[in-house]
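Here's the letter readout for the chains.
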Amino acid sequence: MDHNNILPVVLAGGKSKRFGEDKSQVKLGGKLLIDYILSELIVEFNEILIVANNKIKHISSDKIIKIEDYKKEVGPLGGIFSAMQWIRDNKKSYQWIASFPADTPLFKINIFRNFLQKINEKESELFFIKTDKKRHNIFGLWSIDLVDQLGKDLENGSRKVEKWADNIGVKTINMSFEKNDPFFNINTKEDFEIIKKNFND
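Residues numbered from 1 in each chain as written. Predicted model: local features only at pLDDT ≥ 70, side-chain atom pairs only at ≥ 80, totals over all residues. Heavy atoms only, no water.

Asks: Help me out: how do you make sense of helix 2 (residues 76–89) in this one?
Replies: Residue pairs three or four apart in sequence face the same way in an α-helix, which turns once every 3.6 residues. The terminal C-alpha atoms of helix 2 lie 20 Å apart, and with 14 residues this matches the ideal 20 Å at 1.5 Å per residue to within 8%. Among the residues making up helix 2, those that are buried are Leu77, Gly78, Gly79, Ile80, Phe81, Ser82, Ala83, Met84, Gln85, Trp86 and Ile87. Lys91 occupies a position one or two residues after helix 2 and carries a positive phi of about 55 degrees. (Helix = DSSP H or I, 4+ residues; strand = E, 2+ residues; numbered from the N terminus. Expected span 1.5 Å × (residues − 1). Buried < 20%, exposed > 50% of the residue type's maximum accessible area, 1.4 Å probe, protein only.)

Asks: Just checking my understanding: could you explain the environment of Asn185 for this structure?
Replies: Residue placement: Asn185 occurs in the loop between strand 9 (171–174) and helix 6 (189–200). In the structure, Asn185 is positioned 70 residues away from Phe115 in sequence and 19 Å away in space, judged by C-alpha atoms. Setting aside residues no more than four positions away along its own chain, Asn185 makes contact with Asp103, Thr104 and Asp191. Side-chain polar atoms of Asn185 contact the side chain of Asn187, separated by 3.2 Å. (Contact = heavy atoms within 4.5 Å. Polar contact = N/O pair within 3.5 Å; in protein donor to acceptor, adjacent residues only side chain to side chain.)

Asks: Mind showing me how you'd approach the nonpolar core here?
Replies: One broad trend across soluble globular proteins is that nonpolar side chains are buried collectively. Counting 33 residues, the largest nonpolar core has Val10, Ile34, Ile50, Phe112, Phe115 and Leu141 as the members making the most contacts within it. Within the residue set of this core, elements represented by two or more residues are strand 1 (6–11), helix 1 (33–42), strand 4 (48–51), strand 6 (96–101), helix 3 (109–117), strand 7 (126–131) and strand 8 (134–143). In contact with Phe112, other than residues within four places in its own chain, are Phe45, Ala98, Phe100 and Phe107. Formed by 27 residues, the second largest nonpolar core is a distinct cluster that contains Leu7, Val9, Val51 and Ile80. (Core = buried A, V, L, I, M, F, W, Y, C linked by side-chain atoms within 4.5 Å.)

Asks: I would appreciate a short explanation of the sheet that holds strand 5 (residues 64–67) in the present structure.
Replies: Each strand in a sheet pairs with its neighbour through backbone hydrogen bonds, running either in the same direction (parallel) or in the opposite one (antiparallel). As summarised here, the arrangement of the seven strands in space is 5-4-1-6-8-7-9, forming an open sheet in which the pairing is mixed. Each end of this open sheet is capped by a strand with a single partner; those strands are strand 5 and strand 9. Within the sheet, the average angular offset between the axes of one strand and its neighbour, ignoring direction, is 30 degrees. Across four bridges, strand 6 lies against strand 8 in antiparallel orientation. Counted as the bridge partner of Ser99 is Gly140 from strand 8. With respect to the sheet, helix 2 is in contact with strand 1, strand 4, strand 5, strand 6 and strand 8, its orientation differing from that of strand 1 by roughly 145 degrees. (Pairing = 2+ DSSP bridges. Axes fitted to C-alpha atoms, helices over the stretch in contact; angles between N-to-C directions.)

Asks: Looking at this model, I keep getting lost on the pattern of salt bridges. Mind explaining?
Replies: In the structure shown here, the tally under the stated rule is ten salt bridges. We note a salt bridge from Glu40 to Lys108, for which the minimum N-O separation is 3.8 Å. Linking Glu40 in helix 1 with Lys108 in the loop between strand 6 and helix 3, this pair joins segments that are 68 residues apart in sequence. Here Glu155 and Lys71 are joined by a salt bridge, their closest N and O atoms 3.5 Å apart. Of the two residues, Glu155 sits in helix 4 (residues 147–155) while Lys71 sits in the loop between strand 5 and helix 2, which places them 84 residues apart along the sequence. (Salt bridge = Lys/Arg side-chain N within 4 Å of Asp/Glu carboxyl O.)

Asks: Please explain the packing of aromatic side chains as it appears in this structure.
Replies: Centre-to-centre distance and the angle between the planes together describe a pair of aromatic rings. In total, this model carries twelve aromatic pairs according to the counting rule given. For the pair Phe128 and Trp142, a centre-to-centre distance of 5.5 Å together with 70 degrees between the ring planes defines the contact as edge-to-face. Residue Phe128 is located in strand 7, and its partner Trp142 is located in strand 8; the two are separated by 14 residues in the primary sequence. Residue classification places Phe128 among the buried positions, given a relative accessible area of 0%. Taken together, the ring pairs in this structure connect Phe45, Phe100, Phe107, Phe112, Phe115, Phe139, Phe177 and Phe183 into an aromatic cluster. Of note, Lys31 hangs over the ring of Tyr36, and the distance from its end group to the ring centre comes to 4.5 Å. (Phe/Tyr/Trp six-rings, centres within 6.5 Å; stacked < 30°, edge-to-face > 60°. Lys NZ or Arg CZ within 6 Å of the ring centre and 35° of its normal.)

Printed below as a string of structure tokens:
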């Protein structure tokens, strides 16, 4: 799959209620949490979109564009729709969106490369990564052709990524890892303490 057809999107529009503050802005090993995923994407793509409703700090790069949700308070699906709508409004040629959370500092870009190699884009309009028995609904590849259906479903109350994907039809790509789970995401302060141990080991 041609990388020029893919826009990477970092979803940072959540309220971080369980964490108690904007987790994308906490520092881990002297580096902002969101900058871990951005650092991986910058080496792979010429343009990166961040969807965030707050004023946030992140590494400086001409490749990074930040937008707000077109429709707020609708969760990650709203972030995906906002990115798709941005592509449409700005007459970009991307055919796919690759979605990433802002709170997974162990994720490396080679995982995404392997993910793409396993994809046959004719098989589905939506692909998620699956490890063991867990499907990672925020690490996905979404066809731009889904934009109208997604917009309509958001208007009709759809909020859960997992349920929406199952209704649309999603193909999962199985991947396995022997060491630390690269998809470990930080939802709570306890999670943050766990992840800090990985950086200290």
